[in-house]
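# Architecture at a glance
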Amino acid sequence: MSGGRLQQPAAHDADAEEPSSASPGGRPELPMADRERQVLDRIDRARQRRPKVREERITMSHGAGGKATQTLIEAVFLEAFRNPLLEPLEDAARLHFNGSRVALTTDSYVVSPLFFPGGNIGDLAVNGTVNDLSVAGAVPLYLSAGFILEEGFPVADLNRIVASMTAATAAAGVQVVTGDTKVVERGKADGCYINTAGVGVIEHDGILGVASARPGDVVLVSGPIGDHGVTIMLARGELDIEADVISDTAPLNGLVADLLRAAPGVRALRDATRGGVATILNEIARAAGVCVVVREDDIPVRPVVRGASELLGIDPMYVACEGRMVVVVAREQADQALAALRAHPLGEQAAAIGQVADDPPGIVLLKTAFGGTRIVDLLVGDPLPRIC
């Protein structure tokens with residue numbers, strides 16, 4: 001790193017190679033490109049190690065969507081349940097029944113507070129499940145809804161939540177067809193938790209997945225990022241900050257359908273929930289063995305979200321969305337894909353934010369507004385826990 005810029009090793013003639021300088025202690029220093037290559041090699045070696053949960057007890061970081069979450073999933077759950085359907089670790093499993101392709105997903109919702117500007121835990125649960133099916137290329141059809149309620153939870157609040165779920169299912173064109181209810185003692189939960197599952201039929205001919213990204217592909221985002229996470233943080237009332245921002249929670253199935261019709265060359269879709277866009281980009285780079293290069297100036301962030309993020313000391317790239325997705329599309333169809341997104345009400349502010357390169361593999365690079373380049377790594381935890 002020099003002046004914030006990451007330089008890649010370049011081939012030089014032997015007589016043009018600059019001699020290594022010496023450090024103040026007399027120790028020879030490697031050329032800048034070689035030192036940067038060593039850093040990248042260390043990152044790669046660290047990622048190749050077998051995942052292991054080193055903590056003796058679960059912490060909040062294990063549920064934040066970053067490095068701790070990935071380690072927990074890979075070291076505990078994937079290790080125990082490993083099979084070809086689970087190994088891709090996509091948002092939904094792709095199953096085959098009698099010649100038909102079906103997507104199956106599940107999710108749990110523990111957002112705090114339960115009610116926030118733009119939505120509540122009920123419509124959030126429906127939209128989140130619909131979106132996990134949609135980015136798998138499926139047409140969402142049926143949901144389950146399981147409720148864990150705390151003794152003393154107001155029935156009026158439960159009715160509000162259920163009413164919002166009813167409206168959300170109608171908007172997305174899905175039905176809740178089965179469910180479950182449990183009640184725990186006062187103080188043993190936080191009012192209401194919701195677990196969902198979703199089933200949809202895959203009609204898209206291609207196979208969508210982050211491992212499908214290829215050098216030369218273009219990376220799009222469907223709209224301004226960070227709205228939901230900042231909304232939740234401010235709604236908690238723990239900080240004396242006021243901002244005119246609401247959650248972006250919305251069902252993406254209509255937007256995805258329009259996109260796939262216009263651009264069958266789409267390779268991957270992910271809704272940018274926990275860990276934000278930065279986490280999704282890292283998942284793409286790691287799964288496909290590519291480098292993802294994005295431009296800071298091209299990433300859409302509302303001024304109010306950027307300002308609130310600066311006051312909170314967080315990067316909007318790591319802040320969750322609940323109605324935005326990251327798209328990887330073949331370069332020759334990028335214009336069609338962007339036009340399709342912008343033609344839909346949920347994608348009017350879609351933008352092309354970067355491209356896929358081949359080197360260094362497994363790394364996300366950000367071209368900063370100041371002309372430098374920095375690595376965008378996964379966070380260990382999340383500065384905004386329980387946002388969904």
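Owing to the predicted nature of the structure, the values given are computational and were not obtained by experimental measurement.

### Side note on helix H2 (residues 67–81)
With 15 residues, H2 should reach 21 Å at 1.5 Å per residue; the first-to-last C-alpha distance of 20 Å fits that figure. Maximal helix bending in H2 amounts to about 30°, located at Glu-74. Where H2 is buried, its residues contact helix H7 (276–288).

### Some remarks on the environment of Asp-91
Note that Asp-91 resides in the loop between H2 and strand S1 (93–97). When residues no more than four places from it in sequence are discounted, the contact partners of Asp-91 are Thr-105, Asp-132, Val-135, Arg-270 and Asp-271.

### Details of the confidence of the model for the protein chain
Averaged over every residue, the pLDDT of the protein chain is 88; residues scoring 70 or more account for 87%. Overall, residues 1–25 carries pLDDT values under 50, and its contacts beyond four positions in sequence, including any with other chains, amount to 37 contacts.

### Quick notes on the sheet that holds strand S6 (residues 175–184)
Spatially, five strands are ordered S1-S2-S7-S5-S6 in an open sheet, and the strand pairing comes out mixed. With partners counted over all chains shown, the strands left at the sheet margins are S1 and S6, one partner each. Adjacent strand axes in the sheet meet at a mean angle of 20°, parallel and antiparallel pairs treated alike. As paired strands, strand S5 (residues 138–150) and S6 are joined by nine bridges and run parallel to one another. Paired with Ile-148 across the strands is Lys-182, a residue of S6. Helix H3 (residues 121–134) rests against strand S2 (100–109), S5 and strand S7 (192–202) of the sheet, and its axis sits at about 30° to S7. Relative to the sheet, helix H4 (residues 155–172) contacts S5, S6 and S7, its axis offset from that of S5 by approximately 175°.

What counts and how
- Residues numbered from 1 in each chain as written.
- Predicted model: local features only at pLDDT ≥ 70, side-chain atom pairs only at ≥ 80, totals over all residues.
- Heavy atoms only, no water.
- Helix = DSSP H or I, 4+ residues; strand = E, 2+ residues; numbered from the N terminus.
- Expected span 1.5 Å × (residues − 1).
- Bend = angle between axes of the 7 residues up to and from the residue.
- Contact = heavy atoms within 4.5 Å.
- pLDDT = per-residue confidence, 0-100.
- Pairing = 2+ DSSP bridges.
- Axes fitted to C-alpha atoms, helices over the stretch in contact; angles between N-to-C directions.

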